[in-house]
Amino acid sequence: MLASATGIADLVEALEVRFLANRDENLRFGLVTDLADARAETLPEDEALVSLAKKRIEELNARYGSPSYSPFLLLHRPRRFNPRERLWMGYERKRGKLQR
């Protein structure tokens, strides 16, 4: 869940550690992310958080990848309205929140 710059740094660091322990060109390492539940589809801080996560993934690919090999992925899902919860939340996350 993308909730803060510190949280993003922690997620990216954990991803990098896993990559360094498993350096096989056939593997890819990704973050599947969404944002915190909200009463609106978007919040003012959303764009900055997603942009920061993208930037950090791009930095990892620049450090460890090559023109033909990008080992890191960011798979971000937008909020969708959940009528039962009456909230905007990450799609398919209604079965339970994923947290570290």
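Residues numbered from 1 in each chain as written. Predicted model: local features only at pLDDT ≥ 70, side-chain atom pairs only at ≥ 80, totals over all residues. Heavy atoms only, no water.

Participant: It is not clear to me how helix α2 (residues 46-64) should be interpreted in this structure. Could you clarify?
Facilitator: In an α-helix, one turn spans 3.6 residues; hence positions three or four apart end up facing the same way. The terminal C-alpha atoms of α2, which comprises 19 residues, lie 27 Å apart, in line with the 27 Å expected from a rise of 1.5 Å per residue. Those residues of α2 that sit buried are D46, L49, V50, A53, I57, L60, N61 and Y64. All buried residues of α2 lie within an arc of 115° about the axis, which places them on one face of the element. Residues of α2 that are exposed and point over 90 degrees away from its buried face: E47, A48, E58 and A62. Turning to α2, the residues buried within the fold contact α1 (5-21), β1 (29-33), β2 (72-76) and β3 (79-82). (Helix = DSSP H or I, 4+ residues; strand = E, 2+ residues; numbered from the N terminus. Expected span 1.5 Å × (residues − 1). Buried < 20%, exposed > 50% of the residue type's maximum accessible area, 1.4 Å probe, protein only. Arc of directions from axis to C-beta. Contact = heavy atoms within 4.5 Å.)

Participant: Looking at this structure, I do not really get α1. What am I missing?
Facilitator: The end-to-end C-alpha separation of α1 is 25 Å, in line with the 24 Å expected for 17 residues at 1.5 Å each. Buried within α1 we find I8, L11, V12, L15, E16 and F19. Buried residues of α1 fall within an arc of 135° about the axis and therefore sit on the same side. Exposed positions of α1 whose direction lies more than 90 degrees from the buried face are T6 and A21. At its buried positions, α1 is contacted by β1, α2 and β2.

Participant: Sorry, what's going on with the pairing of strand β4 (residues 87-90) here?
Facilitator: Remember that side chains alternate between the two faces of the sheet whenever the strand is regular. Sheet topology note: the β3/β4 ladder contains 4 bridges and is antiparallel. When the sheet's bridge partners are listed, R80 is paired in β4 with M89. The turn linking β3 back onto β4 is made up of 4 residues, and R86 within it adopts a positive phi angle of 60°. (Pairing = 2+ DSSP bridges.)

Participant: How should the pattern of salt bridges be read in this particular structure?
Facilitator: Pairs can form between side chains of opposite charge once their charged atoms are near each other. Under the criterion given, the structure shown has 5 salt bridges. Residue D46 is joined to R79 by a salt bridge in which the shortest nitrogen-to-oxygen separation is 2.4 Å. One end of the pair, D46, is in helix α2; the other, R79, is in strand β3, with 33 residues separating them in the sequence. R56 is the salt-bridge partner of E59, the closest N and O atoms lying 3.3 Å from each other. Here R56 and E59 lie together in helix α2, a separation of 3 residues that amounts to about one turn. One continuous salt-bridge network, built from bridges that share partners, spans K55, R56 and E59. (Salt bridge = Lys/Arg side-chain N within 4 Å of Asp/Glu carboxyl O.)

Scope: geometric values only; no functional claims are made or implied.
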